[in-house]
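# Tertiary structure, described
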Amino acid sequence: MRGRHVDAYSAYKRVTSRDAEAYDREEDSAEQLLSGKDLGNPSWRRSFPHMLVAALSSFLFGYHLGVVNETLDSISLDLGFSGNPFAKGLVVSTCLGAAFVGSLFSGWILDGVGHRRAFQLCALPMIIGASMSATTHSLWGMILGRIFVGTGMGIGPPVAALYVSEISPAFVRGTFGSVTQIATCLGLMGALFIGLPSKDIVGWWRVCFWVSTVPAAVLAICMEFCAESPHWLFKRGRGTEAEAEFEKLLGGAHVKFAMAELSKSERGDELETVKFSELLYGRHFKMVFIGSTIFALQQLSGINAVFYFSSTVFKSFGVPSDIANVCVGVANLSGSIVAMILMDKLGRRVLLLGSFTGMAVSMSLQVSGASSYTSGSGALSLSVGGMLLFVLMFSLGAGPVPSLLLSEILPSRIRAKAMAVCMAVHWVVNFFVGLFFLPLLEKIGPQLLYTIFGIFCVLAVIFVKRNVVETKGKSLQEIEIALIPPQ
């Protein structure tokens with residue numbers, strides 16, 4: 001009898017031990033699911049079409065930046081202001097001024113209506129403005145159209161940067177972020193090639209503006225079918241919808257892990273308004289300062305002065321402006337493609353350091369080319385070669401990295417508004433560099449001016465080395481937890 005009790009007890013022990021082992025296995029698999037172990041990386045193909053649609057806003061940004069380069073003379077002749085340099089300046093500068101306003105309000109628009117509607121609000125003024133510019137018969141009609149277009153241009157870049165970073169899997173976020181820079185290059189080059197017949201065909205500049213309404217309309221329509229950012233939905237307390245969007249973007253197997261990651265740094269009820277003062281001091285100030293400074297140094301490196309006035313340098317050596325623009329465009333596009341390939345391999349910080357260092361070296365070549373000790377073919381090689389190398393080095397890091405890096409390091413709660421402030425700093429510095437470049441060039445000469453640009457490139461290297469951390473391969477939540485001190 002006692003032997004039976006012993007056997008029963010032994011059997012009970014074996015059963016309970018098997019149950020405990022099974023429970024432990026289930027618990028381990030649940031932990032692995034939430035930690036993302038054994039899941040591997042989600043397929044990039046799911047989020048790829050959503051990213052491509054968002055990149056249309058960057059294409060439009062580049063197109064409208066370049067559309068008046070080849071057509072401005074034809075426009076001024078048709079609208080009767082060909083002998084008025086101030087009027088020509090207005091056609092260009094009003095667009096930049098409106099872009100500043102659009103970028104400043106982009107964060108509040110994004111937080112209020114979400115990414116998809118923000119993209120549509122970016123496309124709408126571009127369609128209206130381009131249509132007005134294409135049909136106008138007066139200078140003021142052209143200026144009003146450019147104001148509408150500029151507003152859309154200001155909204156687009158920060159919204160695109162944030163959207164792409166929030167829908168992309170961490171292992172390809174840098175690559176996807178670089179596509180927006182490539183789209184901008186393609187927009188610039190597209191505007192250049194479409195504008196070439198404007199010198200020979202009367203009224204062709206109107207076609208150039210009409211063409212831009214097509215990608216803008218495609219952007220507005222396709223955004224109806226794209227995923228909303230799960231981060232924005234979760235922040236608004238719409239967790240179920242966030243899960244559905246994660247399933248669209250990453251696949252069902254990765255939804256629980258993605259939601260668990262999201263819960264680490266965000267509450268699902270963060271509807272309180274972010275005050276402007278929160279961006280200027282306190283625990284978030286450092287991130288906003290880093291972002292604004294990188295954008296300021298990007299512009300103070302002289303890149304837009306090179307873009308705007310490269311044809312003047314080429315002309316001084318007898319090179320036609322259309323060939324100059326093609327050379328600059330090819331250098332920009334080539335560097336952007338290489339940056340896309342390297343972004344998730346070498347990382348953002350390495351590309352930024354290498355880019356600004358290369359830009360400083362390129363500026364030193366241009367300083368040598370402008371020297372009185374250099375003449376003839378030597379001056380041509382140094383000036384033109386230095387300029388093309390400068391554009392190439394810029395597109396390898398200083399061009400694509402800042403907006404991507406900011407979308408990664410800014411905490412979710414203030415991300416949209418802080419990005420808007422940093423982009424506004426970019427537009428202000430851009431405006432003043434463009435405003436003072438020619439007067440300074442005449443007053444102090446190219447040698448000293450290019451030396452100043454080179455010094456800013458060196459300062460950028462020092463700043464990046466001291467303040468920028470690597471973010472490749474990390475989720476947005478991991479970056480936020482690592483960078484932001486607890487309250």
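Residues take numbers from 1 onward in each chain, read along the sequence in its written order. Given that this is a predicted model, residues contribute local features only at a pLDDT of at least 70 and side-chain atom pairs are listed and counted only at 80 or more, while totals for whole chains, interfaces and linings are drawn from all residues. Remark: hydrogens and water are excluded; side-chain values derive from all non-hydrogen atoms of the structure.

As recorded in an unreviewed UniProt entry, the protein chain goes by the name Putative major facilitator, sugar transporter, major facilitator superfamily, listed as coming from Rosa chinensis. UniProt positions are given in the numbering used here, feature names are shortened, and annotations may be inferred rather than shown by experiment. According to its UniProt record, the protein chain has this under Subcellular location (unreviewed entry): "Membrane". Checking UniProt for the protein chain, the heading Sequence similarities (unreviewed entry) contains the comment "Belongs to the major facilitator superfamily. Sugar transporter (TC 2.A.1.1) family."

### Details of the overall build of the protein chain
Counting its secondary structure elements, the protein chain contains 19 helices and zero strands. Put simply, the protein chain has 487 residues, and 53% of those count as buried. We call two residues in contact whenever any of their non-hydrogen atoms come within 4.5 Å of each other. Contacts in the protein chain between residues at least 24 apart in sequence constitute 84% of all its contacts with a sequence separation of at least 6. Surface accessibility of the protein chain: about 21400 Å² in total, with carbon and sulfur atoms responsible for 66%. By definition, any uninterrupted DSSP run of H or I lasting at least four residues is a helix, any uninterrupted run of E lasting at least two residues is a strand, and each is numbered from the N terminus. Burial classes follow relative accessibility: with a 1.4 Å probe on protein chains only, a residue under 20% of its type's maximum area counts as buried, one over 50% as exposed, and anything between as partly exposed. The accessible surface values rely on the Shrake-Rupley method and a 1.4 Å probe; as for residues, cover is taken only from the protein chains in view.

### Brief notes about a nonpolar patch on the surface
Exposure above 30% relative accessible area and no salt bridge define the residues that can form patches, which grow by joining like charges within 9 Å and nonpolar side chains of Val, Leu, Ile, Met, Phe, Trp and Tyr within 5 Å. Salt bridge, as used here, is a side-chain nitrogen of Lys or Arg placed within 4 Å of a carboxyl oxygen of Asp or Glu. On the surface, Val428, Phe431, Phe432, Leu435, Phe436, Leu440, Ile444, Leu448 and Ile452 cluster together into a nonpolar patch covering about 720 Å² of accessible area. Positionally, Phe436 belongs in helix α18 (residues 415–467). Here Phe436 falls in the partly exposed class, since its relative accessible area comes to 43%.

### Quick notes on the nonpolar core
The biggest cluster of nonpolar side chains holds 102 residues, and the ones touching the most others in it are Phe119, Tyr163, Leu219, Met223, Val288, Phe356 and Met359. With 18 residues, α18 is the single largest residue contributor to this core. For Met223, the contacting residues outside a window of four places in its chain are Val53, Ala54, Arg116, Phe119, Gln120 and Tyr163. Nine residue types can take part in a nonpolar core, namely buried Ala, Val, Leu, Ile, Met, Phe, Trp, Tyr and Cys, and a core is a set of them joined through side-chain atoms within 4.5 Å.

### So, the packing of helix α2 (residues 48–79) against helix α5 (residues 139–167)
To obtain each axis, a line is fitted to C-alpha atoms, and for helices this fit is confined to the stretch in contact; angles are then taken between N-to-C directions over 0 to 180 degrees. Two elements in contact, α2 and α5, have axes whose closest approach is 8 Å; the angle formed by their N-to-C orientations is 160 degrees. The angle between α2 and α5 falls in the class roughly antiparallel. The handedness of the crossing between α2 and α5 is left-handed. Here His50, Met51, Ala54, Ser57, Ser58, Phe61, His64, Leu65, Val67, Val68, Ile75 and Leu79 of α2 come into contact with α5, specifically with Leu139, Met142, Arg146, Val149, Met153, Gly156, Pro157, Ala160, Tyr163, Val164 and Ile167. Under this grouping Gly is polar, as are all residues other than the nonpolar Ala, Val, Leu, Ile, Met, Phe, Trp, Tyr, Cys and Pro and the charged Asp, Glu, Lys and Arg. Residue classes in the contact of α2 with α5 are distributed as 17 nonpolar, five polar and one charged. Any angle from 65 to 115 degrees is called roughly perpendicular, while one under 35 is roughly parallel, one over 145 is roughly antiparallel, and all others are oblique. A clockwise turn of the near helix away from the far one marks a right-handed crossing, whereas an anticlockwise turn of less than a right angle marks a left-handed crossing.

### Points about helix α7 (residues 204–222)
Relative to the 27 Å expected for 19 residues at 1.5 Å per residue, α7 spans 29 Å between its end C-alpha atoms, a close match to the ideal helical length. The complete set of buried residues in α7 reads Trp205, Arg206, Cys208, Phe209, Ser212, Thr213, Pro215, Ala216 and Leu219. To estimate the expected span of a helix, subtract one from its residue number and multiply by 1.5 Å.

### Thoughts on helix α3 (residues 85–113)
Its 29 residues place the ends of α3 40 Å apart at the C-alpha level, agreeing with the 42 Å of an ideal helix rising 1.5 Å per residue. Take the seven residues that end at a residue and the seven that start at it, fit an axis to each, and the angle between those axes is the bend at that residue. The sharpest bend along α3 reaches about 40 degrees and sits at Ser106. Capping the start of α3, Asn84 holds a side-chain oxygen 3.1 Å from the backbone nitrogen of Phe86, two or three residues further along. Once α3 finishes, Gly114 follows within two positions and takes phi at roughly 90 degrees, a positive value. The term polar contact refers here to a pair of N or O atoms within 3.5 Å; inside protein, the definition further demands a hydrogen-donor-capable atom paired with an acceptor-capable atom, and it admits residues adjacent in sequence only when both atoms are side-chain atoms.

### Thoughts on the packing of helix α15 (residues 348–369) against α18
Orientation of α15 relative to α18, taken along the N-to-C sense of each, is 165 degrees, at an axis distance of 8 Å. Between α15 and α18, the angle is such that the two are roughly antiparallel. The handedness of the crossing between α15 and α18 is left-handed. On α18, the residues that touch Arg349, Leu352, Leu353, Phe356, Thr357, Met359, Ala360, Met363, Gln366 and Val367 of α15 are Gln447, Tyr450, Thr451, Phe453, Gly454, Cys457, Val458, Ala460, Val461, Val464 and Lys465. Class assignment of the residues belonging to the contact of α15 with α18 gives a composition of 14 nonpolar, five polar and two charged.

### Side note on the side chain of Ser355
Within the fold, Ser355 resides in helix α15. Judged by relative accessible area, which is 1%, Ser355 ranks as buried.

### Some details on the confidence of the model for the protein chain
The predictor attaches a confidence to each residue, called pLDDT, with possible values from 0 through 100. When pLDDT is averaged along the protein chain, the result is 83; 83% of the residues meet or exceed 70. Low pLDDT, under 50, characterises residues 4–37; the stretch is placed with 11 contacts to residues that sit more than four places away or in other chains.

### Remarks on the packing of aromatic side chains
Two rings from Phe, Tyr or Trp (for Trp, the six-membered ring) form a pair when their centres sit within 6.5 Å of each other. Planes less than 30 degrees apart are called stacked, planes more than 60 degrees apart edge-to-face, and all others tilted. As enumerated under the stated definition, the model contains 10 aromatic pairs in all. Seen from their ring centres, Phe48 and Phe176 are 6.0 Å apart, and the 55 degrees between their planes marks the pair as tilted. Here Phe48 is found in helix α2, whereas its partner Phe176 is found in helix α6 (residues 173–195), with 128 residues between them in sequence. By relative accessible area, which is 30% here, Phe48 ends up partly exposed. Residue classification places Phe176 among the buried residues on the basis of a relative accessible area of 4%. Look at Phe119 and Tyr163: their rings are 5.4 Å apart centre to centre, the planes differ by 85 degrees, and that puts the pair in the edge-to-face class.

### Examining the pattern of salt bridges
For the structure shown, the criterion picks out 10 salt bridges. Between Arg173 and Glu408 there is a salt bridge, with its nearest N and O atoms 2.7 Å apart. Here the residue Arg173 occupies a position in helix α6, and Glu408 occupies one in helix α17 (residues 401–409), the gap between them amounting to 235 residues. When its relative accessible area of 2% is taken as the criterion, Arg173 is described as buried. Overlapping salt bridges bring together Arg173, Asp344, Arg348 and Glu408 as one network.

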